[in-house]
Structure formats: C-alpha cells, structure tokens
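# Structural features, examined
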Amino acid sequence: MAVLIDVARRRVRLDPRDPEFFDDPYRAYAAIREASPTFFWEDYGFWCFARFADVSALLRDRRFGRAVPGSNLPESKPHLAPFDALERRSMLQLEPPEHTRLRNLVNRAFVSRRIERLGPQIAGLAHERIDAFMARRSADIVAEFASPIPVAVIADLLGVPRDMGDQLIDWSHRMVAMYQFGADRAVEDRAAEAARAFTDYMRGFARARRKDPGDDLVSQLLIAESDSGKLSEDELVATVILLLNAGHEATVQAIGNSVKIMLEQGIDARAAFASETATQATVEELLRLGPPLHLFARYALEEVEFDGVRLGRGEKIGLLLGAANRDPERFANPDAFQPDRPPNAHVSFGAGIHFCVGAPLARLELAIALPVLFTRLEGLRLIERPRYRDTFHFHGLEALRVEWG
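Here we summarise the structure given alongside this text. A quick note: this is a predicted structure, and the numbers were derived from the prediction, not measured.

### Digging into the overall build of the protein chain
In terms of helices and strands, the protein chain carries 17 helices and 14 strands. Since a compact globule built from 405 residues should have a radius of gyration of about 22 Å, the 21 Å found for the protein chain is in line with a globular shape. Counting only C-alpha atoms and orienting by the principal axes, one finds that the protein chain spans roughly 60 × 55 × 40 Å. Counting all 405 residues of the protein chain, 55% fall into the buried class. Here the contacts in the protein chain between residues at least 6 apart in sequence split such that 72% fall between residues at least 24 apart. Counting 52 positive and 59 negative side-chain charges, the protein chain places the centres of these two groups 2 Å from one another.

Written out as structure tokens, the structure is:
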C-alpha cells in the first residue's frame, strides 16, 4: 500500500481502490492521523479529517451541510436523470427546512415501539437462516446470514413483499456503486437503470398502499401525507428507497464486520452476550471497530476556516468515520475490543441532524442476530482470510467463510 504523506503541505496520495488499503484501511489511518490528521486527499480532490474531535465537531457544525442552497452544481448528466431525481429528494442530501420536514414525518412513522416489536421476528429470521445451513458445518456468513436478515426485516417494516428481497438487493447494490471512487459510465448506466426500476416499483406499491393501507411504514408515511399535505409522491418514493437501501446495506456490513472481528480477536461470545447490558456494550464496541461507513461528505455553506484550512462556500470535505473511531486520543488501545469503554461515543452512525434514523434498528438486529449465531454454532472459526469489497466508503466483506463443530 503506497501512502504518500506530504506533512509540510498537508497532502496525501492514497488510491482508495488499492486492495491493500480497502482491505485494511486502519494502518493508513494511523499513519495519516499521526503525520497530518487534517489533509488534502489528492486522489479525491478535497480536504479530509481523521481525528475524532474534528470529525465529531464537523458532523455537528451547522456551517456545513449535505447541500448548498443556490450553489452552482455540476451540470447533470442526462443518462443519470433517474438516479439524480432520487438523490435530489433524498432526506440524506437535504438541509433544513426540507430535511426537517421529511425527518419529522419519518420519525412519526419510525417510532421506537415499532422497532422494538421486531425483536422476535429478527430472532426467528436468524434461527431460520442457521437452520438452512447448519447441517453442512460451513457457510458464507455474509451471503447466508448477514445479507438475508436485514433485507427481510426492512422489507417487512416497510410492507414490501419479502420475495422481492433479491431484487431489492440488486437495485441497491447498483445504486450504491455510484459512491465508489472512480465510478465509470458502466456503473452510472447500471445505477440509472436500477433507480428507474426501483422508482417505478415503489411508485406502484405506494399507490396500491394508498388504496389499501396496512400496519407498515409506507402506510404510516401515506397517512402523514394525507394529514399534512406535505409529503409528495416523489418524496415518499425517494424516502422509502433511501430507507430500503440504508436499512440493509449498512447492517449487512455491520453484521459481517462484527463476526469477523469477534473471530479474529478471539472474543469470548458467552461473556460478550452474557446479559442485555453486556450485549449492548459489545454491539457498540463492534460498531466502533468495524463501522460500515468510512467516508461521509459535507459541504461548506459559507466561507469557513477550520484547523487552519480556509474553505470557500460549496467546497467539499470528507469525514473519515473509520479513522475517528480508532483515534488513540479518544479511545485508549483503539484497535482492541474493550466493551467497557466509558462511554463509547463512536461516530459510526454520524451525528447532528443527519444522525442515522435507522440506528435503533441496526443496533437491535446486531444485539439479537449475533448471540443467536454464536450460541448455535459452537466452535465457530474462519476457514480463510476474509477480504473486503472494492468499496472503500462502504467497508464490507466480499465473503466470510466459516466452519464450526
């Protein structure tokens, strides 16, 4: 892995698609944090921040946002129109007051008691998946456990048929690929095609739910729409697609990363999941050590100076969540599993107004699925060294092949 750090100029050359880097970015993070924790990442072309204190502050700093009102955005590519239409209406890309309005509507439907009721369902799914492969005494945990559970959970929560799971995953993967470094025309075409198909499906589903509402999130969002008149069909479709994509992409990676960490560090699963308190602490520490999202971008909403860097309105910055989570200035012995950290204030779900709305659901899925896995598969161990996907920003495994017994 070639990491070139120019300390005097605060510049770094590091290819995000270097297999040695995306397979284990933490070595590079450590070198960068020590030499120049605020740096201009030349490969990306914007300033980045690797210290916990800086990342945490910038996530909350209202001088930065996900969109710059009235700014001169790059000219849209016609072939990306379906993808861009969803992006423009995505809650993740909006700022107040539009973001506040959409977030409030989602929060009304995404209430904690609705999430808490999913516990037995998640446990049932975990047992069901293990039943399907247990007799083989080997499995790919990513494909056979980590992936099917979150997509079934989020589909049920939204009211989408489970048998659409494989199609939802395919659409989501093609759209998320747009965020990887160096996405080419082929990636763009696949993302646009997926966005168009996903939009058409969800538009039809929402119209059917409007005629025959149920006890699901889409129906609740439609009720919120009819009560206030503030949620358009386009906004509803974009919001549901965001929840579907985020609701399974990140959780799949969180489950896979967590199992890998536990196996590689030889963590005693019985102690880790001995009680509800121990389980919650274990989940938080695994999320700190193996966050799914590593790069979160923001834009300066005005002229800003931060840590000696002068930024003009509209300039992009990158917040390295994975690097912040292992900053030794904030977390002693940062690479080690220590669930008793007081408190474990990681930034895996972000912070500020864009704090992940699905965080309670992700935490619940990990807290239920992981104990089931380690309890039922005694002697769980790796068959081969796991390798990560070529998607640095979303740090997830290609596969996690294990055996037991």
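And the narrative resumes.
### What about the packing of helix α9 (residues 148-158) against helix α13 (residues 233-264)?
At a closest axis distance of 8 Å, the pairing of α9 and α13 adopts a crossing angle of 155°. Judged by the inter-axis angle, α9 sits roughly antiparallel to α13. Relative to α13, the crossing made by α9 is right-handed. Contact residues: α9 offers Pro150, Val151, Ile154 and Leu158, while α13 offers Val240, Leu243, Leu244, Gly247, His248, Thr251, Val252 and Ile255. Grouping the amino acids of the contact of α9 with α13 by side-chain chemistry returns 9 nonpolar, 3 polar and no charged.

### Concerning the pairing of strand β4 (residues 46-49)
Pairing between strand β3 (residues 38-41) and β4: 4 bridges, direction antiparallel. Within the sheet, the bridge partner assigned to Trp41 lies in β4 and is Phe46. As consecutive antiparallel partners, β3 and β4 are separated by 4 residues, and within that stretch Gly45 has a phi angle of approximately 90°, a positive value. As judged from the 3 bridges shared by β4 and strand β10 (residues 316-320), these two strands associate in the parallel manner.

### Observations concerning the pattern of salt bridges
Two side chains with opposite charge may pair up if their charged atoms get near one another. The full count for this structure, using the stated rule, is 36 salt bridges. Put simply, Asp23 and Arg387 hold a salt bridge, and the shortest N to O gap is 3.8 Å. With Asp23 in helix α1 (residues 19-23) and Arg387 in strand β12 (residues 387-388), this pair connects stretches of sequence that are 364 residues apart. A salt bridge links Arg210 to Glu233; the shortest N-O distance between them is 3.8 Å. A residue pair is termed long-range when its members are at least 10 positions apart, and Arg210 in helix α11 (residues 185-211) and Glu233 in helix α13 qualify at 23 residues. Residue classification places Glu233 among the buried residues on the basis of a relative accessible area of 17%. Where salt bridges share partners, they join Arg89, Arg203, Arg207, Arg210, Glu233 and Asp234 into one cluster.

### Quick word on empty space enclosed by the protein
Scanning all chains against the criterion turns up 1 cavity of 30 Å³ or more. In this model, the largest cavity occupies a volume close to 40 Å³. Around the largest cavity, the lining residues are Pro16, Arg17, Tyr44, Gln180, Phe181, Asp390, Thr391, Phe392 and His393. Across the lining of the largest cavity, the residue classes break down as 4 nonpolar, 3 polar and 2 charged.

### Thoughts on the nonpolar core
Of all hydrophobic cores here, the largest spans 112 residues; its most connected members are Phe145 and Val259. Take this core: its biggest share by element is 15 residues, from α13. Setting aside residues no more than four positions away along its own chain, Phe145 makes contact with Ala126, Arg129, Ile130, Phe133, Asp140, Ile255, Ala369 and Leu373.

### What to know about the packing of aromatic side chains
What describes a pair of aromatic rings is the distance from one ring centre to the other and the angle between the planes of the rings. One pass over the full model with this rule turns up 19 aromatic pairs. Here Phe21 and Phe392 contribute two aromatic rings whose centre-to-centre distance is 5.0 Å and whose plane-to-plane angle is 40°, an arrangement assigned as tilted. On the criterion of sequence distance, the pair formed by Phe21 in helix α1 and Phe392 in the loop between β12 and β13 (397-399) is long-range, its members being 371 residues apart. Just as Phe21 is buried, Phe392 falls in that class too. When the ring of Trp171 is compared with that of Phe198, the centres are 4.9 Å apart and the planes differ by 35°; the resulting orientation is tilted. In this pair, Trp171 is assigned in helix α10 (residues 165-176) and Phe198 in helix α11, connecting sequence segments 27 residues apart. Per residue, the accessibility class of Trp171 equals that of Phe198, and both read buried. Aromatic rings pair up to connect Phe21, Tyr26, Tyr29, Phe39, Trp41, Tyr44, Phe46, Phe181 and Phe392 into one cluster. It is Arg330 that lies over the ring of Phe52; its NZ or CZ is 5.4 Å from the centre. When the ring centre of Phe331 is taken as origin, the NZ or CZ atom of Arg330, which lies over that ring, is 5.0 Å away.

### Side note on helix α7 (residues 119-133)
An ideal rise of 1.5 Å per residue puts 21 Å on 15 residues; α7 measures up with 22 Å between its terminal C-alpha atoms. Of all the residues in α7, the buried ones are Gly119, Ile122, Leu125, Ala126, Ile130 and Phe133. When α7 is viewed along its axis, its buried side chains cluster within an angular range of 130° and face the same direction. Residues of α7 that are exposed and point more than 90 degrees away from the buried face comprise Pro120, Asp131 and Ala132. The inward-facing, buried residues of α7 contact α6 (112-116), β6 (138-140), α8 (141-146), α9 and α17 (359-376).

### Structural notes on the environment of Asp140
Examined against the element boundaries, Asp140 turns out to sit in strand β6. When sequence neighbours within four positions are dropped, the list of residues in contact with Asp140 reads Phe145, Ala399, Leu400 and Arg401. A polar contact is formed between the side chain of Asp140 and the backbone nitrogen of Val142, at a distance of 3.0 Å.

The rules behind the values
- Residues numbered from 1 in each chain as written.
- Predicted model: local features only at pLDDT ≥ 70, side-chain atom pairs only at ≥ 80, totals over all residues.
- Heavy atoms only, no water.
- Helix = DSSP H or I, 4+ residues; strand = E, 2+ residues; numbered from the N terminus.
- Rg over C-alpha atoms; globule rule 2.2 N^0.38 Å.
- Buried < 20%, exposed > 50% of the residue type's maximum accessible area, 1.4 Å probe, protein only.
- Contact = heavy atoms within 4.5 Å.
- Lys, Arg positive; Asp, Glu negative; His and termini not counted.
- Charge placed at Lys NZ, Arg CZ, Asp CG, Glu CD.
- Axes fitted to C-alpha atoms, helices over the stretch in contact; angles between N-to-C directions.
- Parallel < 35°, antiparallel > 145°, perpendicular 65-115°, else oblique.
- Left-handed = near helix turned anticlockwise from the far one by under 90°.
- Nonpolar A, V, L, I, M, F, W, Y, C, P; charged D, E, K, R; others polar.
- Pairing = 2+ DSSP bridges.
- Salt bridge = Lys/Arg side-chain N within 4 Å of Asp/Glu carboxyl O.
- 1 Å grid on protein atoms, 1.4 Å probe; cavity = no way out; pocket = protein on both sides within 12 Å on 5 of 7 lines; lining within 4 Å.
- Points joined across faces, edges and corners; volume = space filled by probe spheres on them.
- Core = buried A, V, L, I, M, F, W, Y, C linked by side-chain atoms within 4.5 Å.
- Phe/Tyr/Trp six-rings, centres within 6.5 Å; stacked < 30°, edge-to-face > 60°.
- Lys NZ or Arg CZ within 6 Å of the ring centre and 35° of its normal.
- Expected span 1.5 Å × (residues − 1).
- Arc of directions from axis to C-beta.
- Polar contact = N/O pair within 3.5 Å; in protein donor to acceptor, adjacent residues only side chain to side chain.

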